[in-house]
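# Breakdown of the fold
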Amino acid sequence: MIEFCMPSLGADMEAGTLREWLVKPGDTVKRGDIIAVVETQKGLIDIEVFDEGTIDQLVVKEEEKVPVGTLMALIASTKEAVVKPEQPEVKTAEKIIPVSLTTTVKASPLARRVAAEKGVDLADIKGTGEGGAITKEDVEKAAAAQKEPVKEEQPTMAAEGIRMAVAAAMSKSNREIPHYYLETKVDMTLPLAWLSEANKKRTVKQRLLPVVLLVKAVAKALADVPDLNAYWDNGLQRKDVINIGFAISLRTGGVMIPAIHLADKKTLDELMASLNDMIPRARAMKLRSSELSDSTITITSLGEGNVETVYGVIYPPQVALVGFGSIIEQPWAEQGMLGVRPILTVTLAADHRATDGATGSRFLVAFNEHLQKPDML
Amino acid sequence: MTEQAIKQTVFQLLKKIAPDTAPETLQPDDDIRHTLEIDSFDALQFVVALNENYGIEIPEEDYGKIITLRSLINYIKEKLV
């Protein structure tokens, strides 16, 4: 039997609330099917399944908040015999312990009783009692707030959730990862000229943005320097696939970092199509679980304003982040001649536990080499 | 097509691309992208929307001619003649 558990959608996620099952026992599922909708700090996320089989049992109930890793459903794999209805698997049922987060919450017995009576989730309440314990008054306030219409506040709450998610991930990163930074300047004359010509042959809808060249050059450079396409988990763990997390800023504050899967295998047009698909969904907070959990490196581009250099914070457990500033006209000396060129400042933030400066340097050299051959990207 | 009608359409298209902005607050000489904090991705979607709505194809070398609300409206007017 395959165990389908609450996935971790990033280092910052501790729990999720199951909002809806999109399948029922007896339904067949295949890899990539969306079987549930889970609410996290990053909004409502479509949860995909990565196995094939038949839904045997839905363990977690809708509206239940459970920690990451909790068994949510049992799936009979296609290889196994079809579940025999006359032999219910009692043993399996005993194994299932969806842990309620409320058991870890500090609250007075009276507060717990009132919360149960009023249907308030203690996990959602910030305690004002001694040592942060939840008091009866806290519960009553929360119960009163629940009754008030919350529709108007939803965007603010979502923005706050994102803010807290970013805060948790970045704090963990800063606490645990010894960053080192490398920076280089790249002459964008040739890539931009190539792009301009390429776009002339395209319809408005098919046009490419410069960032697509940068994403592909990063993907190709990672294939050359695979130690940066990795996780740090008690040692360097290289990843077999290159999934580039692309930081998308939300106007309400915070960032979403969906993964562009297999970026090294995609053409420039396919990469542009991926961005066209992902960016509006990220801004509407409608991403899929695999997009939030599969990134093997992150790119952050602040090329829209006047920022010249980005010193990024690595998204754990990844070991590197590539930052792009604006493309700005700057004096550029080459072969004894001084000219004005469009210049991009590229930075690499990398985990010094995982790699050293020489590795990072090789990556930046490889990145520039690929970028200067845009027709090969 | 009157300037007012073009302006209304431009506001509608901008609102559709960046729902949490207020295009109607734009002044004629405001830099549209800068004022509404529209990034290059949304800017491209806006050019696509103008193309679909008016049937005009704005080449990349003309992007400099559609920076402000006034210049954009004039550009569209000229293209529609």
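Note that the structure is predicted; figures quoted are calculated from it, not measured. (Residues numbered from 1 in each chain as written. Chains lettered and ligands numbered in written order. Predicted model: local features only at pLDDT ≥ 70, side-chain atom pairs only at ≥ 80, totals over all residues. Heavy atoms only, no water.)

## Regarding the overall build of chain B
Under the convention used in this document: Secondary structure elements follow DSSP: runs of H or I no shorter than four residues count as helices, runs of E no shorter than two count as strands, and numbering proceeds from the N terminus. It is over C-alpha atoms that the radius of gyration is taken, and the globule rule equals 2.2 Å times the number of residues to the power 0.38. Note on classification: 1.4 Å probe, protein chains only; a residue is buried when its accessible area is under 20% of the maximum for its type, exposed when over 50%, partly exposed between these limits. By definition, residues are in contact when any of their heavy atoms lie within 4.5 Å. Charged residues are defined narrowly, with Lys and Arg counted positive, Asp and Glu counted negative, and His plus the chain ends left uncounted. To locate a charge, take NZ of a lysine, CZ of an arginine, CG of an aspartate or CD of a glutamate.
Along chain B, the regular secondary structure elements total four helices and zero strands. If you list the helices and strands of chain B from N to C, you get α-α-α-α. Expected size for 81 residues packed as a compact globule is a radius of gyration near 12 Å; at 11 Å, chain B falls within 12% of this value. A total of 81 residues make up chain B; the buried ones form 44% of that total. Sequence separation of at least 24 residues holds for 55% of the intrachain contacts in chain B that already meet a minimum separation of 6. Considering chain B, the positive charge centre built from 8 side chains and the negative charge centre built from 15 side chains are found 6 Å apart.

## A look at the packing of helix α6 (residues 210-224) of chain A against helix α7 (residues 268-283) of chain A
All names here are of chain A. The line we're drawing: Only the contacting stretch of a helix is used when fitting its axis, a line to C-alpha atoms as for every element, and angles between N-to-C directions run 0 to 180 degrees. Orientation labels follow simple angle bins: below 35 degrees gives roughly parallel, above 145 gives roughly antiparallel, 65 to 115 gives roughly perpendicular, and whatever is left gives oblique. Handedness of a crossing follows from how the near helix is turned relative to the far one, being left-handed for an anticlockwise turn of less than a right angle and right-handed for a clockwise one. The classification used treats Ala, Val, Leu, Ile, Met, Phe, Trp, Tyr, Cys and Pro as nonpolar, Asp, Glu, Lys and Arg as charged, and all other residues, Gly among them, as polar.
The contact between α6 and α7 brings their axes to 9 Å, and the two run at 110°. Between α6 and α7, the interaxial angle falls into the category roughly perpendicular. Seen from above, α6 lies across α7 with right-handed handedness. Here V211, V212, L213, V215 and K216 of α6 come into contact with α7, specifically with L268, L271, M272 and L275. Residues that form the contact of α6 with α7 fall into these classes: eight nonpolar, no polar and one charged.

## Some points on the domain arrangement of chain A
All names here are of chain A. For the record, the criterion: The domain limits used here are those given by an automatic or database domain assignment. Note on terms: buried area is the combined drop in 1.4 Å-probe accessible area of two parts once they are placed together, counting the loss on both. We count a salt bridge whenever a side-chain nitrogen from Lys or Arg sits within 4 Å of a carboxyl oxygen from Asp or Glu. Pairing of N or O atoms within 3.5 Å defines a polar contact, subject to two protein rules: one partner must be a possible hydrogen donor and the other a possible acceptor, and residues neighboring in sequence count only if both atoms are side-chain atoms.
In terms of domains, chain A is made up of domain 1 (2-99), domain 2 (105-148) and domain 3 (178-376). On a C-alpha basis, the centroid separation for the pair domain 1 and domain 3 is 34 Å. Counting from both sides, the interface comprises 15 residues of domain 1 and, opposite them, 11 residues of domain 3. For the pair domain 1 and domain 3, the two sides together bury roughly 1,000 Å², of which 56% comes from carbon and sulfur. Where domain 1 meets domain 3, there are zero salt bridges. At the boundary of domain 1 with domain 3, the tally comes to four residue pairs in polar contact (both at pLDDT 80 or more). With six residues, strand β5 (residues 43-48) is the single largest residue contributor to the side of domain 1 that touches domain 3. Taken together, the residues that form the side of domain 1 that touches domain 3 break down as seven nonpolar, four polar and four charged.

## Observations concerning the pairing of strand β6 (residues 53-58) of chain A
Here is the rule: Being paired, for any two strands, means DSSP has found at least two bridges between them.
Bridge analysis of strand β3 (residues 28-29) of chain A against β6 of chain A gives two bridges, and the strand direction is antiparallel. From the neighbouring strand, V29 of chain A faces β6 of chain A, where its bridge partner is G53 of chain A.

## What to know about the interface of chain A and chain B
Between chain A and chain B, the contact holds 18 residues from the first and 23 residues from the second. Area buried by chain A at its contact with chain B is led by V204, R207 and R251 of chain A, which between them contribute 44% of it. Summed over the shared surface of chain A and chain B, the number is three salt bridges. Its salt-bridge partner being D39 of chain B, residue R283 of chain A comes within 2.6 Å of it at the nearest N-O pair. Counting the contacts that link chain A with chain B gives seven residue pairs in polar contact (both at pLDDT 80 or more).

## Considerations on the pattern of salt bridges
A complete count under the given rule lists 21 salt bridges over all chains for this structure. Put simply, R283 of chain A and D42 of chain B hold a salt bridge, and the shortest N to O gap is 3.0 Å. Pair noted here: R283 of chain A is in helix α7 and D42 of chain B is in helix α3 (residues 40-54), and the two residues belong to different chains. Judged by its relative accessible area of 24%, R283 of chain A is partly exposed. Three or more residues joined by partner-sharing salt bridges are found here, namely R19, E39 and E63 of chain A.

## Quick notes on the packing of α6 of chain A against helix α9 (residues 357-371) of chain A
Residue and element names in this part refer to chain A. The N-to-C vectors of α6 and α9 enclose an angle of 130°; their axes lie 8 Å apart at closest approach. When the axes of α6 and α9 are compared, the pair comes out oblique. Considering only the axes of α6 and α9, their crossing is right-handed. Together, L213, L214, A217, V218, K220, A221, L222 and D224 of α6 and F363, A366, F367, H370 and L371 of α9 make up the contact between the two elements. Across the contact of α6 with α9, the residue classes tally to 10 nonpolar, one polar and two charged.

## As for the nonpolar core
Residues and elements named next belong to chain A. Condition: By nonpolar core we mean a set of buried residues, namely Ala, Val, Leu, Ile, Met, Phe, Trp, Tyr and Cys, connected to one another through side-chain atoms within 4.5 Å.
With 76 residues, the main nonpolar core has F363 and F367 as its most contacted residues. Sorting elements by how many residues they give to this core places α6 first, with 10 residues. Here this core gathers at least three residues from each of two domains, domain 1 (2-99) and domain 3 (178-376). Contacts of F367, omitting those with residues within four sequence positions, involve V186, L214, A217, V218, A221, F324 and V346.

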